[in-house]
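The chain contents come next:
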Amino acid sequence: MKLAIIMGSPKGRGSISAHLIEEMTAAIGDEGEVFVFNALRPEQFDKVLSCDRLVFVFPLYYDSLPSHVISYLEQLDAFIKEYPPEKKPSVYAVCNLGFYEGYQTKWALGRIQCWAEAVGFPWKVGLGVGAGPFTIHLPPEARKKTDEGKKHFLQLLLSDTAGDNIYTEPDIPKEMFVEIANAQWTPQLEANGLTVDDVMNPHPRQN
Ligand SMILES: Cc1cc2nc3c(=O)[nH]c(=O)nc-3n(C[C@H](O)[C@H](O)[C@H](O)COP(=O)(O)O)c2cc1C
């Protein structure tokens with residue numbers, strides 16, 4: 001079984017999507033042959049379409065898809081129309097986001113589903129990973145829901161089974177998540193010469 005994983009984060013390093021892809025590839029092990037493509041380079045479409053499963057892994061941008069992922073989907077769509085593939089790979093998606101609730105990825109995952117349906121490929125399931133950058137630093141007991149979600153997604157992927165989208169959050173209260181996040185981004189603002197007030201109540205620029 002061949003899997004094409006399409007990396008949808010533009011980051012060169014420190015990407016949570018890259019981290020999720022590494023984890024997924026390790027978990028697939030001998031059960032499949034993984035080929036990783038980058039949405040920043042929309043090429044090798046014939047190789048992508050020779051795979052049995054397509055997995056789009058991307059960050060949530062403004063409750064939607066990064067624009068280069070949209071462009072990738074449009075170009076792949078055009079390629080499929082020009083060179084209809086012999087087989088129809090199943091489509092999966094994994095979206096991580098900065099905010100707490102994985103459910104916020106519902107609409108972004110839905111866009112990948114719409115794309116799959118428009119090109120005539122079977123849509124299977126999506127995974128929305130809440131608090132993505134935060135989760136990877138948590139001890140195992142605080143990421144049980146996240147790990148369970150990833151495990152369930154992998155089971156569906158390996159058995160090529162459709163399911164309801166899976167949404168995960170860290171196993172800590174949201175209030176604690178917000179406090180920790182504030183403790184991180186406030187010093188970052190100050191290091192860049194800004195205050196919380198500059199961000200929360202931006203004043204019009206004086207020329
Ligand atoms: C341009 C931009 C828009 C973003 N929009 C959202 C958003 O709407 N909701 C959210 O929770 N996080 C948002 N984020 C945060 C990213 O989803 C989050 O940092 C994610 O972990 C990045 O994944 P990556 O490291 O794989 O690129 C945004 C980040 C950027 C750079």
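Refer to the structure above for everything that follows.
Owing to the predicted nature of the structure, the values given are computational and were not obtained by experimental measurement.

*Asks:* Can you lay out the pairing of strand β1 (residues 2-7) for me, pointing to particular residues and giving the numbers?
*Replies:* In terms of burial, β1 is a largely internal element, five of the six residues being buried. Bridging between β1 and strand β2 (residues 33-38) involves six bridges; their strand directions are parallel. The residue of β2 that forms the bridge with lysine 2 is glutamate 33. The parallel pair β1 and β2 is bridged by helix α1 (residues 16-28), and the resulting crossover is right-handed. One ladder, built from five bridges, connects β1 with strand β3 (residues 53-59); its direction is parallel. When the sheet's bridge partners are listed, isoleucine 5 is paired in β3 with valine 55.

*Asks:* Hey, could you go over the site of the ligand for me, with residue numbers and the actual values?
*Replies:* Near the ligand, the surroundings consist of 15 residues, among which Ser9, Lys11, Ser17, Leu60 and Asn96 are the closest. Isoleucine 16 is positioned such that a nitrogen or oxygen atom in its backbone is 2.8 Å from an oxygen atom of the ligand. Within the side chain of serine 17, an N or O atom sits 2.6 Å from an oxygen atom of the ligand. Burial of the ligand by the protein amounts to 78% of the accessible area it has alone, namely 650 Å². Its residues placed into classes, the shell around the ligand shows eight nonpolar, five polar and two charged.

*Asks:* So what's going on with the nonpolar core? Residues and values would help.
*Replies:* One finds Phe56, Phe58 and Trp115 to be the most contacted residues of the largest nonpolar core, which totals 31 residues. Of all the secondary structure elements, the ones that give two or more residues to this core are β1, β2, α2 (45-49), β3, α3 (67-82), β4 (90-96) and α4 (106-119). Here this core gets six residues from one element, more than from any other, and that element is α4. The residues contacting phenylalanine 58, other than those within four sequence positions of it, are Gly8, Ser17, Leu65, Pro66, Val69, Ala93, Val94, Cys95, Asn96, Ala108, Leu109 and Ile112. In terms of nonpolar packing, the next biggest core, distinct from the first, is built from 20 residues, Leu3, Val55, Leu127 and Val129 among them.

*Asks:* A description of a nonpolar patch on the surface should follow, citing residues and the corresponding values.
*Replies:* On the surface, Val196, Val199 and Met200 cluster together into a nonpolar patch covering about 260 Å² of accessible area. Here valine 196 is to be found in helix α8 (residues 196-200). Taking the relative accessible area as the measure of exposure, valine 196 reaches 35% and is therefore partly exposed.

*Asks:* Can you explain α4? Please cite residues and give values.
*Replies:* An ideal rise of 1.5 Å per residue puts 20 Å on 14 residues; α4 measures up with 20 Å between its terminal C-alpha atoms. Here the buried face of α4 lies against β3, α3, β4, β5 (123-129) and β6 (166-168). Trailing α4 by a residue or two, glycine 120 shows a phi angle of about 85°, which is positive.

*Asks:* A description of the sheet that holds β4 should follow, citing residues and the corresponding values.
*Replies:* Across the sheet, which stays open at both edges, the six strands sit in the order β2-β1-β3-β4-β5-β6 with parallel pairing between neighbours. Two strands in the sheet have a free side with no partner beyond their single neighbour: β2 and β6. Sheet twist, expressed as the mean angle between neighbouring strand axes with direction ignored, is 15°. Sheet strands in contact with α3 are β1, β2 and β3, and its direction is about 155° off that of β3.

*Asks:* Which residues make up the packing of aromatic side chains, and what are the values?
*Replies:* Using the criterion set out here, one finds 11 aromatic pairs in the structure. Look at tyrosine 103 and tryptophan 107: their rings are 5.7 Å apart centre to centre, the planes differ by 80°, and that puts the pair in the edge-to-face class. For tryptophan 107, a relative accessible area of 45% corresponds to the partly exposed category. Between the aromatic rings of tyrosine 103 and tyrosine 167, the centroid separation amounts to 5.3 Å while the plane-to-plane angle is 75°, which identifies the pairing as edge-to-face. Here tyrosine 103, found in the loop between β4 and α4, pairs with tyrosine 167, found in strand β6; they are 64 residues apart in sequence, far enough to count as distant.

Reading the values: rules and limits
- Residues numbered from 1 in each chain as written.
- Predicted model: local features only at pLDDT ≥ 70, side-chain atom pairs only at ≥ 80, totals over all residues.
- Heavy atoms only, no water.
- Buried < 20%, exposed > 50% of the residue type's maximum accessible area, 1.4 Å probe, protein only.
- Helix = DSSP H or I, 4+ residues; strand = E, 2+ residues; numbered from the N terminus.
- Pairing = 2+ DSSP bridges.
- Right-handed = clockwise from strand over helix to strand, strands pointing away.
- Near = heavy atom within 4 Å.
- Polar contact = N/O pair within 3.5 Å; in protein donor to acceptor, adjacent residues only side chain to side chain.
- Areas by Shrake-Rupley, 256 points an atom, 1.4 Å probe, with all protein chains shown as cover.
- Nonpolar A, V, L, I, M, F, W, Y, C, P; charged D, E, K, R; others polar.
- Core = buried A, V, L, I, M, F, W, Y, C linked by side-chain atoms within 4.5 Å.
- Contact = heavy atoms within 4.5 Å.
- Patch = residues over 30% accessible without salt bridge, like charges linked within 9 Å, V, L, I, M, F, W, Y side chains within 5 Å.
- Salt bridge = Lys/Arg side-chain N within 4 Å of Asp/Glu carboxyl O.
- Expected span 1.5 Å × (residues − 1).
- Axes fitted to C-alpha atoms, helices over the stretch in contact; angles between N-to-C directions.
- Phe/Tyr/Trp six-rings, centres within 6.5 Å; stacked < 30°, edge-to-face > 60°.

Everything listed is a geometric property; what it means functionally is a separate question.
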